[in-house]
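Descriptive analysis of the structure
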Amino acid sequence: MEQPRMQLVLSENWTMTSARDLTTLVRWAREAEDAGFDSVMISEHIVLGPDAGALGRMANPREYALPGNQDPFTPWPYSLSLLAAIASVTTRLRLSATAVLAPLRHPLALARELGTLDLLAQGRLIVVPTVSWSRDEYAALGVPFEKRGRLLDEHLEIWELLWRESPVSYHGEFYRFDEVYFEPKAYRESGPVLWFGGAGASPHLVRRLARWGSGFNPLGYPPEADMKALAEGMRAAGRDFAELELAGGTRAVFPDGTSCAPLGPALEHIPERMAEGYTTFCIKPSQFIDDPDKVGDFCREVIRRVTAPAS
């Protein structure tokens, strides 16, 4: 059986290191590459507001940040800057800019950032654009929350044009420009690899995935009905669902509200999920260890366990 690709989550590890010590995250990425990890992932918020914690706080600070469950003081360093630093010290590791909040920027400016980062990484960049969930964040940046989906679609349409040719003109509902020259372009003519994700198989997700997606990175593991809807949407667009890279997670089970989780149970489901077509699995080190100097050892142990032959 093909070996799983492991992705190290570098966001939200603040029980292990200071949010101001970003060079530590860069070191962890290098250690992950040396250990045999396939990729690293960094998510983003630009700002948080009171609605970040509207549903209360996570039971254990090591849990994943979800809509409405986090302290508004949770640090979110800029993912694209961090990934640029990581690109400079790695050669093989893929770099996943996850939950890129495209509607909060102008598509030309964001395309410039993404294209430059993809060039620095020589095509190793994965972009997971999203509309996100925080009304407060949209309000702070003066962007209409109710229009976020249409804004994202125009970003995607504009990026597709920019990667291919110059000059580019575009006349949409929100963005309009004529004869824009965009150089240098991304590493490949098709631009950075695009994945899409979310909590369900909405018609918008299916449409975006079928038109632009190379991978699907859902929140959790969607039910069979959602996967069937995605496959049907891909087929209707003339694409094969099997060509998508499917990325899943590892869910830690914490014994209490303060302790780390055991590693073994978090990895046990991987063979079953691989049989369903998943190939890539993300894991957050702070869910399992507390020592920032042991991340390299942790990565090697993860690789040892997921590549060990079945007994």
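Everything below is about the structure printed above this text.
Residues numbered from 1 in each chain as written. Predicted model: local features only at pLDDT ≥ 70, side-chain atom pairs only at ≥ 80, totals over all residues. Heavy atoms only, no water.

**Focus: the overall build of the chain**
Inclusion rule: In DSSP terms, a helix is any run of H or I states spanning at least four residues, a strand is any run of E spanning at least two, and both are numbered starting from the N terminus. The cut-offs for exposure are 20% and 50% of the maximum accessible area for each residue type, with area from a 1.4 Å probe on protein chains only; residues under the lower value are buried, those over the upper are exposed, and the others partly exposed. Every residue pair with non-hydrogen atoms within 4.5 Å of one another is taken to be in contact. Here the accessible surface of atoms and residues is derived via Shrake-Rupley with a 1.4 Å probe, and residues count as covered only by protein chains that are part of the display.
What the chain contains, in helices and strands, is ten helices and ten strands. Judged by the C-alpha coordinates and their principal axes, the chain covers about 60 × 45 × 40 Å. For the chain, with 311 residues in total, the buried portion stands at 53%. Nonlocal contacts in the chain, meaning residues at least 24 apart in sequence, comprise 70% of its contacts between residues at least 6 apart. Split by element, the accessible area of the chain, about 14000 Å² in all, is 54% carbon and sulfur.

**Regarding the state of the cysteines**
The test is simple: Cysteine sulfur pairs qualify as disulfides if the two atoms are within 2.5 Å.
Tallied over the entire structure, the rule returns zero disulfides. Here C260 stays free of any disulfide, with the sulfur of C299 as its closest cysteine sulfur at 15 Å. Lacking any disulfide linkage, C299 is separated from the closest cysteine sulfur, that of C282, by 13 Å. Classification of C299 by relative accessible area gives buried; the value is 0%.

**Notes on the sheet that holds strand β8 (residues 215–216)**
Convention followed: Strand pairing is defined by DSSP finding a minimum of two bridges between the two strands. Axis lines are fitted to C-alpha atoms, over the contacting stretch for helices. Their N-to-C directions set the angle, which ranges from 0 to 180 degrees.
Reading around the barrel, the eight strands line up as β1-β2-β3-β4-β7-β8-β9-β10 and close back on themselves, with parallel pairing between neighbours. Sheet analysis places strand β1 (residues 5–9) next to strand β2 (residues 39–42), joined by three bridges and oriented parallel. Bridging from a neighbouring strand, V9 pairs with M41 of β2. Helix α10 (residues 295–307) rests against β1 and β10 (278–283) of the sheet, and its axis sits at about 155 degrees to β1.

**Brief notes about the packing of aromatic side chains**
Condition: In this scheme Phe, Tyr and Trp rings, the latter by its six-membered ring, pair at centre separations within 6.5 Å, and the angle between planes marks the pair as stacked below 30 degrees, edge-to-face above 60, and tilted otherwise.
Counted by the stated rule, this structure contains five aromatic pairs. Look at W163 and F182: their rings are 6.0 Å apart centre to centre, the planes differ by 70 degrees, and that puts the pair in the edge-to-face class. Linking W163 in helix α5 (residues 148–164) with F182 in the loop between β6 (176–180) and β7 (193–196), this pair joins segments that are 19 residues apart in sequence. Look at W163 and you get buried, because its relative accessible area is 6%.

**Some details on unusual backbone geometry**
Omega for the bond connecting S166 with P167 falls within 30 degrees of zero, at 0 degrees, which places this linkage in the cis form. Residue position: P167 is located in the loop between α5 and β5 (168–171). For the bond from E183 to P184, the omega torsion is -5 degrees, close enough to zero to count as cis. In this fold, P184 is placed in the loop between β6 and β7.

**Quick look at the pairing of β5**
On β5, burial follows the alternation: V168 and Y170 on one face are buried, whereas S169 and H171 on the facing-out side are not. As paired elements, β5 and β6 share three bridges and run antiparallel to each other. Bridge assignment links V168 to a residue of β6, and that residue is V180. Between the antiparallel neighbours β5 and β6 lie four residues.

**Description of the nonpolar core**
Inclusion rule: By nonpolar core we mean a set of buried residues, namely Ala, Val, Leu, Ile, Met, Phe, Trp, Tyr and Cys, connected to one another through side-chain atoms within 4.5 Å.
Within the largest apolar cluster, 85 residues are counted, with the highest numbers of intra-cluster contacts made by L8, F37, V40, I86 and I283. With residues near it in sequence (within four places) discarded, I86 still touches L10, V26, A29, V40, I42, L93 and L95. One finds L48, A52, A65 and W76 within the second-largest nonpolar core, a separate group that totals five residues.

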